[in-house]
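# Examining the three-dimensional arrangement
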Amino acid sequence: MADSDQQQQPARRVLLGATGSVASIKVPALARSIVQQGLAQGLRIEVAVAASASALHFFRREQLPETGVTLYTDRDEWAQWKKIGDPVLHIELRRWADVCVVAPLDANTLAKVANGFCDNLLTCVLRAWDMAKPRIVCPAMNPMMWEHPITSTQLAALEGLGFTVVSPVSKTLACGDFGMGAMAEPEVIAKAVVEHLLPGGGAPPQP
Ligand SMILES: Cc1cc2nc3c(=O)[nH]c(=O)nc-3n(C[C@H](O)[C@H](O)[C@H](O)COP(=O)(O)O)c2cc1C
């Protein structure tokens, strides 16, 4: 598709949730890969990053692509809302997005989502999610956390709620431990996201 045609078509919209795993250092690369893989498929994609307070320890706003990617934090939720009638950010983001991907999904947010807790911007978007829209999670945690029996129980709960799980991989993690728990590579995750946006992929364009 010609560049001018891509500019004219409505953008597809990805909500990228980031949590407090060291794998959040890959959030800028993931956002870039989603946009680039979309373009390669003839899709113009906009990305909204909803980052937990812990996620913000691992990347800076300036590292995100300058165009097509916007960062939202818990502060924005309350900065936008002062009185009845003001927009509620987590509801606006849920309406806006065609698909959401939580990458990385850390053990804490996994536990919260599996049990319906919603105490920050990201978990509020997920708790208010339109169940007709696709949702993907990409766990990332220490191998001992991954092997803890509560992990498989909570991931099964998410799968029961219609989440697609992009499995972690086995390698030596930032903490020095070796084993399962490293987040899948950004290109693999971006491919899973873009596939949901292609015709027949489960995320029809919004009117
Ligand atoms: C340097 C560092 C790295 C961490 N990496 C992970 C990780 O890979 N996976 C994980 O589940 N928790 C990890 N944690 C713990 C989370 O940051 C912690 O549970 C935090 O409360 C998660 O908050 P959130 O789920 O709201 O983002 C790490 C903590 C630190 C200090």
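Residues numbered from 1 in each chain as written. Predicted model: local features only at pLDDT ≥ 70, side-chain atom pairs only at ≥ 80, totals over all residues.

### With respect to the overall build of the protein chain
Looking only at helices and strands, one finds nine helices and eight strands in the protein chain. Scaling as 2.2 N^0.38, a compact globule of 207 residues should have a C-alpha radius of gyration of about 17 Å, and the protein chain matches this with 17 Å. Looking at the 207 residues of the protein chain, the share that counts as buried comes to 44%. Taking the intrachain contacts of the protein chain between residues at least 6 apart in sequence as the baseline, contacts between residues at least 24 apart amount to 73%. (Helix = DSSP H or I, 4+ residues; strand = E, 2+ residues; numbered from the N terminus. Rg over C-alpha atoms; globule rule 2.2 N^0.38 Å. Buried ≥ 20, exposed ≤ 12 C-beta atoms within 10 Å, placed from the backbone. Contact = placed C-beta atoms within 7 Å.)

### Details of the site of the ligand
Around the ligand, a shell composed of 15 residues is seen, among which Gly20, Ser21, Ser52, Asp106 and Ala107 lie nearest. For the shell around the ligand, the element with the most residues is helix α5 (residues 107-115), which contributes three residues. Classifying every residue of the shell around the ligand gives seven nonpolar, seven polar and one charged. (Near = placed C-beta within 6 Å. Nonpolar A, V, L, I, M, F, W, Y, C, P; charged D, E, K, R; others polar.)

### Observations regarding the nonpolar core
For soluble globular proteins, nonpolar side chains are generally found buried alongside one another. Ranked by internal contacts, the top residues of the largest apolar core, which has 61 residues, are Leu16, Val49, Val101 and Cys138. Ignoring sequence-local partners within four residues, the contact set of Leu16 consists of Val27, Leu30, Ala31, Val47, Ala48, Val49, Val101 and Ala103. (Core = buried A, V, L, I, M, F, W, Y, C linked by C-beta atoms within 7 Å.)

### Considering the UniProt feature "domain: Flavoprotein" (unreviewed entry) in the protein chain
The sites that carry the UniProt feature "domain: Flavoprotein" (unreviewed entry) are, in the present numbering, residues 13-196. As a span, residues 13-196 carries 40% helix and 22% strand, and end to end its C-alpha atoms are 11 Å apart. (UniProt positions renumbered as here; feature names shortened; annotations may be inferred.)

### So, the packing of helix α2 (residues 27-40) against helix α9 (residues 186-197)
Put simply, α2 and α9 touch, their axes get as near as 9 Å, and they point 45 degrees apart. Classed by the angle they form, the pair α2 and α9 counts as oblique. Our pair here, α2 against α9, has a crossing hand that is right-handed. Together, Ala29, Leu30, Ser33, Ile34, Gln37 and Gly38 of α2 and Pro186, Glu187, Ile189, Ala190, Lys191, Val193, Val194 and Leu197 of α9 make up the contact between the two elements. Grouping the constituent residues of the contact of α2 with α9 by class yields nine nonpolar, three polar and two charged. (Axes fitted to C-alpha atoms, helices over the stretch in contact; angles between N-to-C directions. Parallel < 35°, antiparallel > 145°, perpendicular 65-115°, else oblique. Left-handed = near helix turned anticlockwise from the far one by under 90°.)

### Thoughts on the sheet that holds strand β5 (residues 135-139)
Taken in spatial order, the six strands make up an open sheet running β3-β2-β1-β4-β5-β6, and their pairing is parallel. Each edge of the open sheet is held by one strand with a lone partner, namely β3 (69-72) and β6 (164-165). (Pairing = 2+ DSSP bridges.)

### Brief notes about α5
Three or more residues of α5 are buried, namely Ala107, Thr109, Leu110, Lys112 and Val113. Next to the buried residues of α5 lie β4 (99-105), α6 (121-127), β5, α7 (143-147) and α8 (149-160). Of the residues one or two after α5, Gly116 is the one with positive phi, at around 85 degrees.

### Brief notes about the pairing of strand β8 (residues 178-182)
As paired elements, strand β7 (residues 169-172) and β8 share four bridges and run antiparallel to each other. In the sheet register, Thr172 faces β8, and the bridge partner there is Phe178. Between β7 and β8, which pair antiparallel in sequence order, lie five residues; one of them, Gly176, sits at a positive phi of approximately 100 degrees.

### Quick look at the environment of Leu198
Note that Leu198 resides in the segment after α9. Look at Leu198 and you get partly exposed, because 14 C-beta atoms sit within 10 Å. Taking the C-alpha atoms as reference points, Leu198 and Thr19, 179 residues apart in sequence, are found 27 Å from one another.

### Side note on α2
Spanning 14 residues, α2 covers 20 Å between terminal C-alpha atoms, matching the ideal 20 Å at 1.5 Å per step. Those residues of α2 that sit buried are Val27, Pro28, Leu30, Ala31, Ser33, Ile34, Val35, Gln37 and Gly38. Those residues of α2 that are buried lie in contact with β1 (12-18), β2 (45-51), β3, β4 and α9. Positioned one or two residues after α2, Gly42 has a phi angle of 80 degrees, which is positive. (Expected span 1.5 Å × (residues − 1).)

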